[in-house]
Amino acid sequence: MAGIEAKDVSKRFGDVQALKGVSLAVAPGEFVSLVGPSGCGKTTLMRSIAGLETPDSGTIAIGGGDVGGLRAADRDVAMVFQSYALYPHLTARQNMAVPLVMRRLDAWRRLPLIGDLLPGTRAAKAEIAAEVARTAELLGIEKLLERKPGQLSGGQRQRVALGRAIVRHPRVFLLDEPLSNLDAGLRVQTRKEIVELHRRVGASTVYVTHDQTEAMTMSDRVAVMMAGEILQIGSPRDVYLDPRDLRVAAFVGSPKINAFAAEAGADGLVRVAGTPTGVAVAIQGALTFAARPEDIAPNAHDGIPARVEHVEFLGEAVLLHARVAGATEAVVARMDARRAGTFERGQSIRLRPDPARALLFDAAGKRIVARAVPLGLKEIALG
Amino acid sequence: MVDAARPAVAFRTPRFGEGAAAWLLSLPAVAAYLLLLLIPTLAVAALSFTDFELGLPGARFVGFENYAELLRDRGFAKSVGNTLVFVGLVAPASIAAGLGLALLIEAGARGRTFFRAIFFLPVVSMIVAMATAWQYLLHPTIGPVNAALRALGLGTPNWFGSSDWVLTSLGFISIWENAGFNMVLIMAGLTAIPRELYAAAEIDGAKSAWARFRLVTWPLLGPTMVFVTIITTIRSIRTFDTVATLTQGGPNKASELIVYTIYQEGFTFLRMGYAAAMTVVFLAAVLALMLIQTRLVERRVHYG
């Protein structure tokens, strides 16, 4: 098994700086997702690891050795493309055999008829056939092997593409949005299968996706990318509960985290729309106060005044959409369906974020330390 | 707006049914097909059973006499043979040249538009006018080609004057003309190949340009190449203008190609019935060729 280490990788396409000195280390056997909105540079970083793009600066090492001078074919990486990129004229069996044929048979032995006459060709071909059959069995696609990609469904094609990637046991496994062309039900199922496949194969895996749910559910670690930079890399738990940047907090989690414009006074106490929040910070001035929907609740007596816009019943939970006067985005509170009261559109309510779970970010969007402070009676009265 | 809706309702009444509307809408295409293709072809076929001569009044039905004469006509046999040799030379060479040019231009980093325009020039230029230039270039005594050969100490063939060389010389002009046309078609086919397949081939270990060509380019170019082969075969079978302007079929019928022979029979010797019989045979042969090509090859290049 081999790890991947990318250091200070930069890449520019014309006027667009796709990667701005990105560093990423993937431990041997680890499953790391690169997640971010489209155009954030995640695919460029993956293609740089594969050897399909040449970075303008920075180094990439696989298994401890610098691969900067090696072309894609020599890096011992396998890749599953978003479009699957299967060869349309070859059957599933032939598609899966290509990486083995290209590596084990030289140009003469690949020739039809003549190749078979050369010594060793037949034995090598028999071995390739056996390995393809084993891989097909692993993926449960034995019955599809004689079909061409045009005769396969999206999900079947995706399996053949996976098969082509794992058949030669590569050191590194790269997946570029492999689920984005599947329908929702199949996507959830395939997610699990890819994770199980990764456990069996054990190769270091980089998985590119724009879907945070995929990244969170599948990975050992998630790297959140935006505008050519990795903003944070950590376990799904860390990225969700302990985001280091407001953009990470906003990207991960659905519904989106609630962000309020806030003000810290000389005493360090944070107020949102003049309402004390029960949180204190070490700085003064404008900042952002953020709370996940499950960490915010309507309250009869105190909190941020808002008006109910919309109520969604999800079964196990209720999402309450409310608007704070002057805010552009609605606040979403997630409540246990059995304990939530009833709300009417237009009703005036007060929302109280849990001070112990609130996340605070400075004016530049960087996370700052916050502590919960008990609210004095005077402050409640003022609110 | 009630008025505007009325005709749509009228189409649905039983008196003017959907079928009638369909026929009415396809009438222009049907009329064009009948008037411009089917009726003239049938007229030629009918004419081939007569001894009609241009300028003479009346025509007599002669049955298969024209066809029987064709079988005995050594001039016609020579012309068919010449055409086969000519197509066998021009079609493969101009397809290979077109493919080579297209791959070179696609692989090049710059000047794509420039080179494409340069090699497409023979297609847009009038071949009759260009024939004059070729006549000068290949002139046995004052032509630059022979001057160059002389300087190198090589033989100087009489390109259009020798019956050994004349088909090759005409063939070379046709290759020069068709290669640019094929290049443009193949370039269009090349741009339709998904880039990701080349990335996949690279990762799968196709290191050499030849390996990538065999794995991706050639198979995915299949449908384009079938079309290019058919169109080139037809274009070279129909070659007429260079023969008419440069050699008039000579010397000694060595450059008589089938369309030129038909033209001579019909418009020089005015034997329309006989020319019509030749045309029918020619048409049948071309049709058969197209059928064989599409049946044999098309099935193997369309994946899906």
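Residues numbered from 1 in each chain as written. Chains lettered and ligands numbered in written order. Predicted model: local features only at pLDDT ≥ 70, side-chain atom pairs only at ≥ 80, totals over all residues. Heavy atoms only, no water.

S.K.: Quick question: what am I supposed to make of the pattern of salt bridges here?
M.R.: Oppositely charged side chains are able to pair whenever their charged atoms sit close together. All names here are of chain A. Counted under the stated rule, the structure contains 28 salt bridges over all chains. Across the pair glutamate 316 and arginine 334 runs a salt bridge whose closest N-O atoms are separated by 3.3 Å. Linking glutamate 316 in the loop between strand E16 (304-313) and strand E17 (317-323) with arginine 334 in strand E18 (residues 331-336), this pair joins segments that are 18 residues apart in sequence. (Salt bridge = Lys/Arg side-chain N within 4 Å of Asp/Glu carboxyl O. Helix = DSSP H or I, 4+ residues; strand = E, 2+ residues; numbered from the N terminus.)

S.K.: Explain the sheet that holds strand E22 (residues 370-372) of chain A to me, please; I cannot follow it from the model alone.
M.R.: Within a sheet, neighbouring strands are paired by backbone hydrogen bonds and run either parallel or antiparallel to one another. All names here are of chain A. Here we have seven strands laid out as an open sheet, ordered E21-E20-E14-E11-E12-E13-E22, and antiparallel in their pairing. Of all the strands in the sheet, just strand E21 (367-368) and E22 have a single pairing partner and so form its edges. Summarising the sheet, strand E11 (residues 258-264) and strand E14 (residues 285-291) pair through seven bridges and their orientation is antiparallel. In the strand pairing of E14, alanine 262 is matched with leucine 287. (Pairing = 2+ DSSP bridges.)

S.K.: It is not clear to me how the interface of chain A and chain B should be interpreted in this structure. Could you clarify?
M.R.: Interface size is commonly expressed as the accessible surface area that is lost when the partners come together. At the interface, 29 residues of chain A touch 20 residues of chain B. Carbon and sulfur atoms supply 63% of the area buried between chain A and chain B, which totals about 2,100 Å² over both sides. Counting the surface chain A buries against chain B, the share from its top three residues, A:Tyr87, A:His89 and A:Met102, is 26%. The interface formed by chain A and chain B includes three salt bridges. The closest approach of N and O atoms between A:Asp74 and B:Lys207, which form a salt bridge, is 2.7 Å. Mapped onto the side of chain A that touches chain B, the elements with two or more residues apiece are strand E6 (77-80) and helix H2 (92-104) of chain A. Examining the composition of the side of chain A that touches chain B, we find that four residues originate from one element, H2(A), more than from any other. (Contact = heavy atoms within 4.5 Å. Buried area = accessible area lost by both parts, 1.4 Å probe.)

S.K.: Could you clarify how one ought to interpret the domain arrangement of chain B in this entry?
M.R.: Residue and element names in this part refer to chain B. Per the domain assignment, the segments making up chain B are domain 1 (3-47) and domain 2 (66-301). Each of domain 1 and domain 2 has a C-alpha centre, and the two are 39 Å apart. Contact with domain 1, which involves four residues of that partner, is made by seven residues of domain 2. Regarding the contact of domain 1 and domain 2, the summed buried area is about 350 Å², with carbon and sulfur atoms giving 80% of it. Viewed at the interface, domain 2 and domain 1 are joined by zero salt bridges. (Domains from an automatic or database assignment.)

S.K.: Please explain the packing of aromatic side chains as it appears in this structure.
M.R.: For any pair of aromatic rings, the description rests on two quantities: the centre-to-centre distance and the angle between the ring planes. Under the criterion given, the structure shown has 15 aromatic pairs over all chains. Taking the centre distance of 5.8 Å and the plane angle of 50 degrees together, the rings of B:Phe64 and B:Tyr67 count as tilted. Residue class for B:Phe64 comes out exposed when judged on its relative accessible area of 60%. Seen in terms of ring centroids, B:Phe240 and B:Tyr263 are 5.1 Å apart; in terms of plane orientation they differ by 75 degrees. Their pairing is edge-to-face. Linking B:Phe240 in the loop between helix H11 (222-237) and helix H12 (241-247) with B:Tyr263 in helix H13 (residues 258-268), this pair joins segments that are 23 residues apart in sequence. On the basis of relative accessibility, which here comes to 26%, the residue B:Phe240 falls in the partly exposed class. Put simply, the rings of B:Phe49, B:Phe61, B:Phe64 and B:Tyr67 pair up and form one aromatic cluster. Taking NZ or CZ as reference, A:Arg292 lies 4.0 Å from the ring centre of A:Tyr240, over its face. (Phe/Tyr/Trp six-rings, centres within 6.5 Å; stacked < 30°, edge-to-face > 60°. Buried < 20%, exposed > 50% of the residue type's maximum accessible area, 1.4 Å probe, protein only. Lys NZ or Arg CZ within 6 Å of the ring centre and 35° of its normal.)

S.K.: Looking at this structure, how should I read the domain arrangement of chain A?
M.R.: All names here are of chain A. Here chain A is partitioned into domain 1 (4-245) and domain 2 (255-382). Look at where the C-alpha atoms of domain 1 and domain 2 centre, and you get two points 42 Å apart. With seven residues of domain 1 at the interface, the matching set in domain 2 holds seven residues. For the pair domain 1 and domain 2, the summed buried area comes to about 610 Å², and 37% of that belongs to carbon and sulfur atoms. Looking only at domain 1, the three residues that lose the most surface to domain 2 are Tyr240, Pro243 and Asp245, adding up to 70% of its buried area. Taken together, domain 1 and domain 2 are joined by two salt bridges. Between aspartate 245 and lysine 366 there is a salt bridge; the shortest N-O distance is 2.6 Å. In this structure, the connection of domain 1 to domain 2 is made through six residue pairs in polar contact (both at pLDDT 80 or more). Looking at the side of domain 1 that touches domain 2 residue by residue, the class counts come to four nonpolar, no polar and three charged. (Polar contact = N/O pair within 3.5 Å; in protein donor to acceptor, adjacent residues only side chain to side chain. Nonpolar A, V, L, I, M, F, W, Y, C, P; charged D, E, K, R; others polar.)

S.K.: Mind showing me how you'd approach the packing of helix H9 (residues 195-203) of chain B against helix H10 (residues 209-220) of chain B here?
M.R.: Helix packing for two helices is described by the angle between their axes and how far apart those axes are. Residue and element names in this part refer to chain B. Interaxial distance between H9 and H10 falls to 9 Å at its minimum, and their mutual angle equals 155 degrees. The orientation of H9 with respect to H10, classified from their angle, is roughly antiparallel. The two elements H9 and H10 cross, and the hand of that crossing is right-handed. Of H10, the residues touching H9 (which contributes Leu197, Tyr198, Ala201 and Glu202) are Arg212, Leu215, Val216, Thr217 and Leu220. In the contact of H9 with H10, the residues fall into six nonpolar, one polar and two charged. (Axes fitted to C-alpha atoms, helices over the stretch in contact; angles between N-to-C directions. Parallel < 35°, antiparallel > 145°, perpendicular 65-115°, else oblique. Left-handed = near helix turned anticlockwise from the far one by under 90°.)

S.K.: Explain the sheet that holds E18(A) here, please?
M.R.: Residue and element names in this part refer to chain A. The strand order E15-E19-E16-E17-E18 describes an open sheet built from five strands, whose pairing is antiparallel. In this open sheet, the two strands that pair with only one neighbour each are strand E15 (296-299) and E18. Strand after strand, the sheet turns through a mean of 50 degrees between neighbouring axes, direction not considered. In this sheet, E17 lies alongside E16 in antiparallel orientation, the contact comprising six bridges. From the neighbouring strand, histidine 310 faces E17, where its bridge partner is histidine 321.

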